[in-house]
Each structure stands twice: as structure tokens, then as C-alpha cells.
Amino acid sequence: MRLLIVEDERRLADALARGLTLEGFAVDVRYDGTEGLHMATTSQYDLILLDVNLPGVNGYKFVAALRGAANDVPVLMLTAKDGVYDEAEGLDAGADDYLTKPFSYVVLRARIRALLRRHGRSTSPVLRVGELTVDRGARRVTRSGAAIVLTTKEFSVLEQLAIRPGDVVSKTDILTHVWDLAYEGDPNIIEVYISTLRRKLGAATIETVRGAGYRLVDHG
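Residues numbered from 1 in each chain as written. Predicted model: local features only at pLDDT ≥ 70, side-chain atom pairs only at ≥ 80, totals over all residues. Heavy atoms only, no water.

**With respect to the sheet that holds strand E6 (residues 126–129)**
- Here four strands make up an open sheet; going across it, the order is E6-E7-E8-E9 and the pairing antiparallel. Two strands bound the open sheet, and with one partner strand each, they are E6 and strand E9 (146–148). Looking at each pair of strands side by side, their axes are set apart by 25 degrees on average, direction ignored.
- As judged from the four bridges shared by E6 and strand E7 (residues 132–135), these two strands associate in the antiparallel manner. Bridging across to E7, Arg-128 finds its partner in Thr-133.
- This element, helix H6 (residues 152–163), spans E6, E7 and strand E8 (140–143) of the sheet and lies at about 115 degrees to E7. (Pairing = 2+ DSSP bridges. Helix = DSSP H or I, 4+ residues; strand = E, 2+ residues; numbered from the N terminus. Axes fitted to C-alpha atoms, helices over the stretch in contact; angles between N-to-C directions. Contact = heavy atoms within 4.5 Å.)

**Quick word on the packing of aromatic side chains**
- For the structure on display, the rule yields zero aromatic pairs.
- Above the ring of Tyr-45, the side-chain terminus of Arg-2 is found at 4.8 Å from the ring centroid.
- Here the guanidinium or amino end of Arg-10 rests over the ring plane of Tyr-31, the centre of that ring lying 3.9 Å away. (Phe/Tyr/Trp six-rings, centres within 6.5 Å; stacked < 30°, edge-to-face > 60°. Lys NZ or Arg CZ within 6 Å of the ring centre and 35° of its normal.)

**Remarks on empty space enclosed by the protein**
- Counted by the stated rule, this structure contains one cavity of 30 Å³ or more.
- In this model, the largest cavity occupies a volume close to 40 Å³.
- Around the largest cavity sit Thr-21, Gly-24, Phe-25, Thr-152, Lys-153, Ser-156 and Val-178, which together line it.
- With three residues, H6 is the single largest residue contributor to the lining of the largest cavity.
- For the lining of the largest cavity, the class distribution of residues is two nonpolar, four polar and one charged.
- Both domain 1 (2–119) and domain 2 (126–216) contribute no fewer than three residues apiece to the lining of the largest cavity. (1 Å grid on protein atoms, 1.4 Å probe; cavity = no way out; pocket = protein on both sides within 12 Å on 5 of 7 lines; lining within 4 Å. Points joined across faces, edges and corners; volume = space filled by probe spheres on them. Nonpolar A, V, L, I, M, F, W, Y, C, P; charged D, E, K, R; others polar. Domains from an automatic or database assignment.)

**Some thoughts on the domain arrangement of the chain**
- Here the domain parsing of the chain yields domain 1 (2–119) and domain 2 (126–216).
- If you average the C-alpha positions of domain 1 and of domain 2, the two centres end up 28 Å apart.
- Summed over the three residues of domain 1 that lose the most area to domain 2, namely Arg-2, Gly-24 and Ala-26, the buried surface amounts to 46% of that side.
- Taken together, domain 1 and domain 2 are joined by zero salt bridges.
- The interface formed by domain 1 and domain 2 holds one residue pair in polar contact (both at pLDDT 80 or more) in total.
- Elements with a minimum of two residues in the side of domain 1 that touches domain 2: helix H1 (10–22) and strand E2 (26–30).
- Considering every element that reaches the side of domain 1 that touches domain 2, the biggest residue donor is E2, with three residues.
- Residue composition of the side of domain 1 that touches domain 2, by class: five nonpolar, three polar and four charged. (Buried area = accessible area lost by both parts, 1.4 Å probe. Salt bridge = Lys/Arg side-chain N within 4 Å of Asp/Glu carboxyl O. Polar contact = N/O pair within 3.5 Å; in protein donor to acceptor, adjacent residues only side chain to side chain.)

**Structural notes on the pairing of E6**
- Going residue by residue along E6, you find Leu-127 and Val-129 tucked away on one face and Val-126 and Arg-128 left uncovered on the opposite face.
- Between the antiparallel neighbours E6 and E7 lie two residues, among them Gly-130 with a positive phi of about 60 degrees. (Buried < 20%, exposed > 50% of the residue type's maximum accessible area, 1.4 Å probe, protein only.)

Rendered as C-alpha cells:
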């Protein structure tokens, strides 16, 4: 899943980005409302964390602009304001949820996952393909009950394939959802991770569809 954080408190924004990246999300950060809105309207995101008091375009105008453009990406507003009218204004503008600072990271993470489920951007927490099980909540992979140890990035690449078992997933799709926009390396890095996954899961588990991408097919 790919997230955008628009927050002018840099320490908070960077801390959230680090934590969510460790959770397996691909995260982009902008510290200005104008730049954030440009990102939100030119790139595809699964969810946006949006501060209210932003330079450039404030959070209310930001989300109103998104909804006016028929962009239904889930928006979780973050604000130091705790008045009911402030919350109502944010929700009326088109935000999906509202979290008052200071907040618990555990609560933030739970709100994010709830929004992703509510908007159909998150499939079942446990994915099964043949004898392969991918537990997205526990970030655990097993085959026939035996645990397979994966790194965070390996898990995220496998997750993108397991969400659509049997379908071809392009390199672009994997890059978009697993790496953030700051990544400027070789897109062929995906081939390295696919090779590692084949070694750990079995060579026949991931098929290469020449010129199109990869397909997860567990032959048992």
C-alpha cells in the first residue's frame, strides 16, 4: 500500500514515515499543502495522512479540491485542534476520519488499516495461494505450516503478487506500491527480489511472463 503524508511538522512527518515504512508501506512525504495536493492529484495513493494547518493550501481546501476532482482516496486528517466544529468541518469537506494531536502511533496504525478495509483497498488479512499462506497482519509467511523468513521488502513484493494470485503483476505496479517516489535506483531491483523469493519459496512459485511481469502460482 502506498501512502502520502502531508504534514509541515517535519519531525512528526519523518517519524511517521519511518514507522509506516517499517510496517511495509511505501511512503511519500510533503511538508507543504500546495506540493502535497500536486502529488495527490498526479500520483496514485491508497491513503493520505493530512495535516489541517498547512502552508500553501490548508487541509480543508486540500480535501475539498480532491473531492471536487472526484478523487475518492481515503483521507485521515491530523490536527492540533480538538473542537467538535473543527472535526465537523474536516468531515464535511470530505475527510474520512479525524485524529487529534497528540495521538498514539498504535491508534494511528489501527485507523489507517480500518480506512483501507472500509474503502476496499485492503483485501483479507490472510492470503492463501495453494499451500502458501501470507498473513498480512502478522507479516508472516508459511508453506504447509512451515515458516519462511522474509525481509520487509521481500514480504511487500510477495504481498503484491499474493493479492492477485494467478494474475500478471507488472514491474511498474510493484515499484509503485513497494518503493516510494524517492527511489531513484535501477527498476530491475525487482528481479533481485523475485530471484530471492524463488529461492525461499520454490522456483516454480513465481512465473515470469515475458514483457508483462510476474505471476504467483503455487503448484503445491
